[in-house]
Amino acid sequence: MATGIMSESSPAPASAPAPVKRACDACHRRKVKCIGDGTKACKNCTSAGLTCTYNAIPQKKGPKGSRAKVISELRENQRQTHLAAQRHGFDLDDSAQTPAHLKRPGLLSMEMITSCVDYYFAHLYPTQPILHRLRVGETIGMMDNNVEAYCLVLSLCAYMMIQPNMVLPMTAFEGLEVPPMPSLQLGHLLLHEALRIRKGFNYIENPSVWTVITSFFFFGSYFCLDKHNTAWFHLREASTLAQIMGMHDENHYCMPDVVESSRRRRLYWLLFVTERAYALQQHRPLTLQATINLPTLDEDPAETVELNGFLHLVNLFRPFDDTFVGLWNKAKSGCTTLYLAQLQQQLSDALPAYLHSTESQAVDLRCSQQWLKTMVWQLSISHGFLSSAATENAMSFKYPIEVSRDLVSCASQFSQQAMEVHGIGLIEKLFDVACTLTDVMSCVPYEQYTFEYGPRDYLNQMMSLISTLRGGQQRYMPLLLSKINEAMPSLPTPGYAIPAIPSGSRVEELYDSSNPHSSAPTSGDSTPFDSPSLGPVGPHGFDFPDMGVPVAPAPTSAGFPPVMSTGGQFNDISVSAPMQMFPDSMHAYAGTAGPTKFETG
């Protein structure tokens, strides 16, 4: 018998059982034979222009129904599904749009999501007015069936939980697989989960408005976590996706959905402001320009106050275009004294004496405006444009003293809560101004014996303020004290008492770009957590308990100090100096669900 040939008596080899073939959903519904192998679209669906799926659960065999063709019905159902998704900015053609097989179960509870949404609208919404509460509810309802909705909810919750003042109720963990943990730790977990899920689908080729917002929330989260390279990556990602969508073109906003159009417009301007603030802090280039119309106050009568503050924020940043950022980053040349003097004047004129805004927006606007003036002054001195005989205060060596005076005067008018909601973004600006004042004090002679407030008092007050705000004590106070001790070694740091100001090296040497020992401050060092518990604060603002020097109220043209008006509202009194302050775009977020409003009496 030839080798390899079985005899008749040899038992036949056991063959593998044939796989059970299953009809796709459309063929099953149409009661026709499915011509496919279950791994790719069958021929019937391909020829009929249907999406071939295998989502239906097999039913027990029983009586057969009508064999009438239902292609039209299937097409209409799928068309309606796509239309509903497009209204929310989705593209369901991506096969990974169902997150059920991707997401980690037991990670989010509805109470947890609700707490985060409430926190956003109570604290962050006035400065980041890009979500609509009703639409957010619709998004939450879609998160089990749409991966982009799921990523958006995850990123929103992560962003809120990383905020320094966010506290979750213990009941929010009931029924979850994750144990109760601090909100910061859970924020880390949700952030990593959102990033992991997002890698499972192509969000770049066909981005939606939710894609852009998710990237922005990633940026905000990493900014809070002091991971500035990662934060910058996601901010640029959000800006690039917005440009891919055409959000830099006014025609993009010609849509019948008024709410959707207004939120997209606000999103573009928020990215515009955030990119410019971060470009100054981190020495980055710009990508977005003022190419579309601003939001209008009449687009939502219920939000006039918030929108007014938001528009002031945009107007503060608009002058800081490619020209200034290029000069700031040493990528351009040709700076002139006239240009910088005009820019300082624009900052002075950018905000009215009375701000019609929420209290937290007023904090952001006033304090940030002074920070911007400090940045322009630093650029002026690095180019050698300042003079002790300058006719304009903004072009003199002592101008940071005036800016510091206005800053501490404004800070005395605000509640601690209104300042705390801005997180490390506000502390960084206070730190920058304090460092610049220290440089000036170490170089410019100033009268020591005077009954008036002077730079030592302003620096003392800013030190007390930075040490009191959450996130300032642990990170920024050691840096500031180190700088003060280096510039003025005779300072007795434990009491924060500032010594007499010596006359020494020329102040312009401190900001000379060619000087390797330049002490121009940077804003990259920060950590928003592990700060000490807050002490009591007076009803009208900070008491500066460590200084022994009372805060002088900011005079008005009539000479009256700031007062509280009826109805729980404040009158924001303008500071006395000719220059004012500038905005913090990533951590600006107002008081409570019923925000205090700053407006004329």
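Analysis parameters
Residues numbered from 1 in each chain as written. Predicted model: local features only at pLDDT ≥ 70, side-chain atom pairs only at ≥ 80, totals over all residues. Heavy atoms only, no water. Helix = DSSP H or I, 4+ residues; strand = E, 2+ residues; numbered from the N terminus. Buried < 20%, exposed > 50% of the residue type's maximum accessible area, 1.4 Å probe, protein only. Contact = heavy atoms within 4.5 Å. Areas by Shrake-Rupley, 256 points an atom, 1.4 Å probe, with all protein chains shown as cover. Polar contact = N/O pair within 3.5 Å; in protein donor to acceptor, adjacent residues only side chain to side chain. 1 Å grid on protein atoms, 1.4 Å probe; cavity = no way out; pocket = protein on both sides within 12 Å on 5 of 7 lines; lining within 4 Å. Points joined across faces, edges and corners; volume = space filled by probe spheres on them. Nonpolar A, V, L, I, M, F, W, Y, C, P; charged D, E, K, R; others polar. Expected span 1.5 Å × (residues − 1). Salt bridge = Lys/Arg side-chain N within 4 Å of Asp/Glu carboxyl O. pLDDT = per-residue confidence, 0-100. Axes fitted to C-alpha atoms, helices over the stretch in contact; angles between N-to-C directions. Parallel < 35°, antiparallel > 145°, perpendicular 65-115°, else oblique. Left-handed = near helix turned anticlockwise from the far one by under 90°. Phe/Tyr/Trp six-rings, centres within 6.5 Å; stacked < 30°, edge-to-face > 60°.

Per an unreviewed UniProt entry, the protein goes by the name Zn(2)-C6 fungal-type domain-containing protein and belongs to Hortaea werneckii EXF-2000.

(A) Representation of the overall build of the protein within the structure. Helix and strand counts for the protein stand at 19 helices and two strands. A buried classification covers 53% of the 601 residues belonging to the protein. Considering only intrachain contacts with a sequence separation of at least 6, the fraction spanning at least 24 residues in the protein is 76%. Roughly 26900 Å² of accessible area belongs to the protein as shown, and the carbon and sulfur atoms make up 54% of that amount.

(B) Representation of the side chain of Asn146 in the model. Residue placement: Asn146 occurs in the loop between helix 5 (133-142) and helix 6 (147-161). A distance of 3.2 Å separates the side chain of Asn146 from the backbone nitrogen of Ala149, its partner in a polar contact.

(C) The arrangement of empty space enclosed by the protein in detail. Counting across every chain of the model gives four cavities of 30 Å³ or more. Roughly 250 Å³ of internal volume is contained in the largest cavity. Across the lining of the largest cavity, the residue classes tally to 14 nonpolar, three polar and five charged.

(D) View of helix 17 (residues 423-443). With 21 residues, helix 17 ought to run about 30 Å at 1.5 Å a step, and its terminal C-alpha atoms sit 32 Å apart, in line with that. In terms of burial, helix 17 is largely enclosed, as 21 of its 21 residues are buried.

(E) Here's a closer look at unusual backbone geometry. For Asp226, which is not glycine, the phi dihedral falls at a positive 65 degrees. Following the sequence through the fold, Asp226 ends up in the loop between helix 8 (209-224) and helix 9 (228-245). When its relative accessible area of 27% is taken as the criterion, Asp226 is described as partly exposed. Here His283, not a glycine, exhibits a phi torsion of approximately 55 degrees, which is positive.

(F) Just helix 13 (residues 337-350), in detail. Between the first and last C-alpha of helix 13 there are 20 Å, a value that for 14 residues agrees with the 20 Å anticipated at 1.5 Å per step. Those residues of helix 13 that sit buried are Leu340, Ala341, Leu343, Gln344, Leu347, Ser348 and Ala350. On the buried face of helix 13, the contacting elements are helix 11 (304-317), helix 12 (322-328), helix 14 (359-382) and helix 15 (399-411).

(G) How the structure looks around the pattern of salt bridges. A complete count under the given rule lists 12 salt bridges for this structure. The shortest N-O distance in the salt bridge between Arg135 and Asp257 comes to 3.1 Å. Taken as a pair, Arg135 in helix 5 and Asp257 in the loop between helix 9 and helix 10 (258-282) lie far apart in primary sequence, 122 residues in all. On the accessibility criterion, Arg135 (22% relative accessible area) is partly exposed. The exposure class assigned to Asp257 is partly exposed, which follows from its relative accessible area of 26%.

(H) Quick look at the confidence of the model for the protein. On average, residues of the protein score 76 in pLDDT, and 69% of them reach the 70 mark or higher. The low-confidence segment residues 87-97 (pLDDT under 50) makes 30 contacts with residues lying over four places distant or belonging to another chain. Every residue in residues 497-505 is under pLDDT 50, and counting partners more than four places away or in other chains gives 30 contacts.

(I) Representation of the packing of helix 15 against helix 17. At a minimum axis separation of 9 Å, helix 15 and helix 17 run at an interaxial angle of 140 degrees. It follows that helix 15 is oblique to helix 17 by the angle criterion. With respect to the hand of their crossing, helix 15 and helix 17 are arranged in left-handed fashion. Side by side, helix 15 and helix 17 meet where Pro400, Ile401, Val403, Ser404 and Leu407 of the first sit next to Leu430, Val433, Thr436, Leu437 and Val440 of the second. Classifying every residue of the contact of helix 15 with helix 17 by side-chain character gives eight nonpolar, two polar and no charged.

(J) Representation of the environment of Arg318 within the structure. With respect to the helices, strands and loops of the structure, Arg318 is situated in the loop between helix 11 and helix 12. Residue classification places Arg318 among the partly exposed positions, given a relative accessible area of 33%. Expressed as a C-alpha distance, the spacing of Arg318 and Arg276, which sit 42 residues apart in the sequence, is 8.6 Å. Discounting chain neighbours no more than four positions away, the residues touching Arg318 are Trp269, Phe272, Arg276, Ala290 and Leu294.

(K) Geometry of the packing of aromatic side chains. One pass over the full model with this rule turns up 16 aromatic pairs. On the basis of an interplanar angle of 25 degrees and a centroid distance of 5.9 Å, the ring pair of Trp232 and Tyr278 is categorised as stacked. Within this pair, whereas Trp232 is found in helix 9, its partner Tyr278 is found in helix 10, the two being separated by 46 residues in sequence. We classify Trp232 as buried; its relative accessible area is 10%. With relative accessibility at 0%, the residue Tyr278 sits in the buried group. A ring pair is formed by Trp269 and Phe272, whose centres lie 4.9 Å apart and whose planes are at 70 degrees; its orientation type is edge-to-face. Linking Trp269 with Phe272, this pair stays in helix 10, spanning three residues, or about one helical turn.

(L) Representation of the packing of helix 11 against helix 14 within the structure. For the pair helix 11 and helix 14, interaxial distance at closest approach is 10 Å and the crossing angle is 10 degrees. Comparing the axis directions of helix 11 and helix 14 gives the class roughly parallel. Taken together, the residues of helix 14 that come into contact with helix 11 (itself represented by Val305, Glu306, Gly309, Phe310, His312, Leu313 and Leu316) are Gln361, Asp364, Leu365, Gln369 and Leu372. A class-by-class count of the residues in the contact of helix 11 with helix 14 yields six nonpolar, four polar and two charged.

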